Amino acid sequence: MDILVEYAVLVGVQEQNDEHFEYEMEELKNLAEAIDVNVVGTVTQNLERRHPTTYVGKGKIAEIKRFYEETEANLIIFNDELSPSQIRNLEQELEVKVIDRTMLILDIFARRARTHEARMQVELAQLQYTLPRLVGLRASLSRQGGGTGGGFQNKGAGETKLELDRRKIEDQISKLRRDLEHVRDRRDTQRKQRKKSGIQVVSIVGYTNAGKSTLMNALLRKMDEENTKQVYEENMLFATLDTSVRHLKFADNKEFLLTDTVGFVSKLPHHLIKAFRSTLEEARGADLLLHVVDVSNPEYRYMMEVTNETLHDVGVENITTINVYNKADLAGVPYPKETADSVWISAKEAEGLDELLELIKKKIFEQYITCKLLVPFDRGDVVSYLNDKANVKKTEYEEEGTLMTVEMDGSERIKFEEFIVSH
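Residues numbered from 1 in each chain as written. Predicted model: local features only at pLDDT ≥ 70, side-chain atom pairs only at ≥ 80, totals over all residues. Heavy atoms only, no water.

K.L.:
So what's going on with the overall build of the protein? Residues and values would help.
P.N.:
A count of helices and strands for the protein gives 14 helices and 15 strands. The burial tally for the protein puts 49% of its 423 residues in the buried class. Nonlocal contacts in the protein, meaning residues at least 24 apart in sequence, comprise 69% of its contacts between residues at least 6 apart. Total accessible area on the protein is roughly 21200 Å²; 45% of this is exposed by carbon and sulfur atoms. (Helix = DSSP H or I, 4+ residues; strand = E, 2+ residues; numbered from the N terminus. Buried < 20%, exposed > 50% of the residue type's maximum accessible area, 1.4 Å probe, protein only. Contact = heavy atoms within 4.5 Å. Areas by Shrake-Rupley, 256 points an atom, 1.4 Å probe, with all protein chains shown as cover.)

K.L.:
Got a sec to walk through the sheet that holds strand β6 (residues 245–249)? Specific residues and values, please.
P.N.:
Taken in spatial order, the 7 strands make up an open sheet running β6-β7-β5-β8-β9-β11-β10, and their pairing is mixed. The open sheet terminates on both sides in strands that have one partner only, identified here as β6 and β10 (337–338). Here 5 bridges tie strand β5 (residues 200–206) to strand β7 (residues 255–260), and the two strands are oriented parallel to one another. Looking at the pairing, Ile204 lines up with Asp260 of β7. (Pairing = 2+ DSSP bridges.)

K.L.:
Can you tell me about the pattern of salt bridges, naming the residues and giving the values?
P.N.:
Taken as a whole and assessed by the stated rule, the structure comprises 20 salt bridges. For Arg50, the salt bridge goes to Asp80, with nearest N and O atoms at 2.5 Å. Note that Arg50 is positioned in the loop between β2 (38–46) and α2 (58–71) and Asp80 in the loop between β3 (75–78) and α3 (84–94), a separation of 30 residues in sequence. For Asp80, a relative accessible area of 6% gives the class buried. We note a salt bridge from Lys361 to Asp252, for which the minimum N-O separation is 3.1 Å. (Salt bridge = Lys/Arg side-chain N within 4 Å of Asp/Glu carboxyl O.)

K.L.:
Lay out the sheet that holds strand β15 (residues 420–422) with the relevant residues and their values.
P.N.:
Across a sheet, paired strands are connected by hydrogen bonds in the backbone, their directions being either parallel or antiparallel. Strand order in the open sheet formed by 4 strands is β13-β14-β12-β15, and the pairing between neighbours is antiparallel. Across the chains shown, the open sheet's two edge strands, defined by having one partner strand only, are β13 (391–397) and β15. On average, adjacent strands in this sheet sit at an angle of 35 degrees to one another, irrespective of strand direction. With 6 bridges joining them, β13 and strand β14 (residues 402–409) adopt antiparallel strand pairing. Its bridge partner being in β14, Lys394 is matched across the sheet by Thr405. Sheet strands in contact with helix α14 (residues 380–389) are β12 (368–375), β13 and β14, and its direction is about 45 degrees off that of β14. (Axes fitted to C-alpha atoms, helices over the stretch in contact; angles between N-to-C directions.)

K.L.:
Give me the lowdown on the side chain of Asp80, citing residues and values where you can.
P.N.:
A polar atom in the side chain of Asp80 sits 2.5 Å from the side chain of Tyr55. Within the structure, the side chain of Asp80 is placed 2.6 Å from the side chain of Lys267, a separation counted as a polar contact. (Polar contact = N/O pair within 3.5 Å; in protein donor to acceptor, adjacent residues only side chain to side chain.)

K.L.:
Give me the lowdown on empty space enclosed by the protein, citing residues and values where you can.
P.N.:
Scanning the model with the defined rule gives 1 cavity of 30 Å³ or more in all. Along its surface, the largest cavity is lined by Phe109, Val262, Gly263, Leu268, Leu272, Ile273, Phe276 and Leu280. The residue makeup of the lining of the largest cavity, split by class, is 7 nonpolar, 1 polar and no charged. (1 Å grid on protein atoms, 1.4 Å probe; cavity = no way out; pocket = protein on both sides within 12 Å on 5 of 7 lines; lining within 4 Å. Points joined across faces, edges and corners; volume = space filled by probe spheres on them. Nonpolar A, V, L, I, M, F, W, Y, C, P; charged D, E, K, R; others polar.)

K.L.:
Outline the pairing of β6, supporting the account with residue identities and numerical values.
P.N.:
Along a regular strand, successive side chains alternate from one face of the sheet to the other. Going residue by residue along β6, you find Arg246 and Leu248 tucked away on one face and Val245, His247 and Lys249 left uncovered on the opposite face. Across 5 bridges, the pairing between β6 and β7 is antiparallel. Looking at β7, one finds that Lys249 is bridged to Glu255. The hairpin turn running from β6 into β7, its antiparallel successor, is 5 residues long, and Asn253 in that turn takes a positive phi close to 75 degrees.

K.L.:
Give a description of the packing of helix α4 (residues 101–112) against helix α5 (residues 116–130) that names residues and reports values.
P.N.:
It is at 9 Å that the axes of α4 and α5 come closest, and there the two elements cross at 155 degrees. The angle between α4 and α5 places the two elements in the roughly antiparallel class. Where α4 crosses over α5, the two elements pack in a sense that is left-handed. Across the interface between the two elements, Thr102, Met103, Leu106, Phe109 and Ala110 of α4 pack against Val122, Ala125, Gln126 and Tyr129 of α5. Of the residues assigned to the contact of α4 with α5, the class counts are 7 nonpolar, 2 polar and no charged. (Parallel < 35°, antiparallel > 145°, perpendicular 65-115°, else oblique. Left-handed = near helix turned anticlockwise from the far one by under 90°.)

That is the geometry; function is a separate question.
If you want it as structure tokens, here you go:
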């Protein structure tokens, strides 16, 4: 069977004061190529605001039609989310398959989803997007039919099919919401257990393809080369949609959980943000965020803005953050270097990781205290626990017991109050 090769024309409207328009169009091209669509050209228009019924101005439609006919394109991709009426009007005018940026991103997510949870989240977002657009997406169906009498029988086959589809989609949306609510409850329970255990959580966030998975793997290799399972990484947009959690321990027994999250992109569909809310909430429960930034991209500041706005939309606020400026080698920036809240690295070259880990230590273990404990010889269990769970700096043996100089989490101090002899 022949595989249909898609050739697309990209269409975008630059509204007033949109200084990132050129980058967004370049990103749209990258998104299309991520699902093997061949981009044959671009049509743009400057407008005060997008046209409410056809997105572009009426005169531009004829230009778009000529362009795709000349290039033999079979698909037109618009840079913004189109309303149901815009899709219907454009398909009637252009007589070609029309999709928008949202549909494109949803398709990429559908192809990248690996776990059952990610697949459910994407399906929910797709259905929520499709429901109000059924008429536009089924423009070819007959809306009128024969027959006499009133009521349901007077409806055309197309209209009846639309209503059945709508009911089916609404039922599926309800089911997916229920199933995802169970997943969310389970995540909440896991997060509460982690909080109860006192272990610190560090969450990696950032724009898609900034190098989040590459950074995670570099840290895993550095801290636990033999035992740590690597996470999937590839140089593509949205290479991974699934949250990964890994347990890491420093040589001095300080430990933390490292989590990865889905990447962001400009104009990320709100349905998708809502569907992935439970995944993104991993970041909301973190003690520290590592905001990974592709500093080699000229638009990296805009990418940081998009990431921060998306985090704000899901309620991730007031969490201590380290800006991790990745790909510093490609940017030609001198590195490794660090400030109080940022570090320049190359995750791929494993450069700057020592500086990053030191910064993580400072941020999440600042509540640690150093004290001396005198533990009676018959309390070997306490000595064993401290050697295993705390940073024992010095051990001496006195007549009354074992004298230990220990660095530990301040919250643990109360457990060993009876043994503490000085701070």
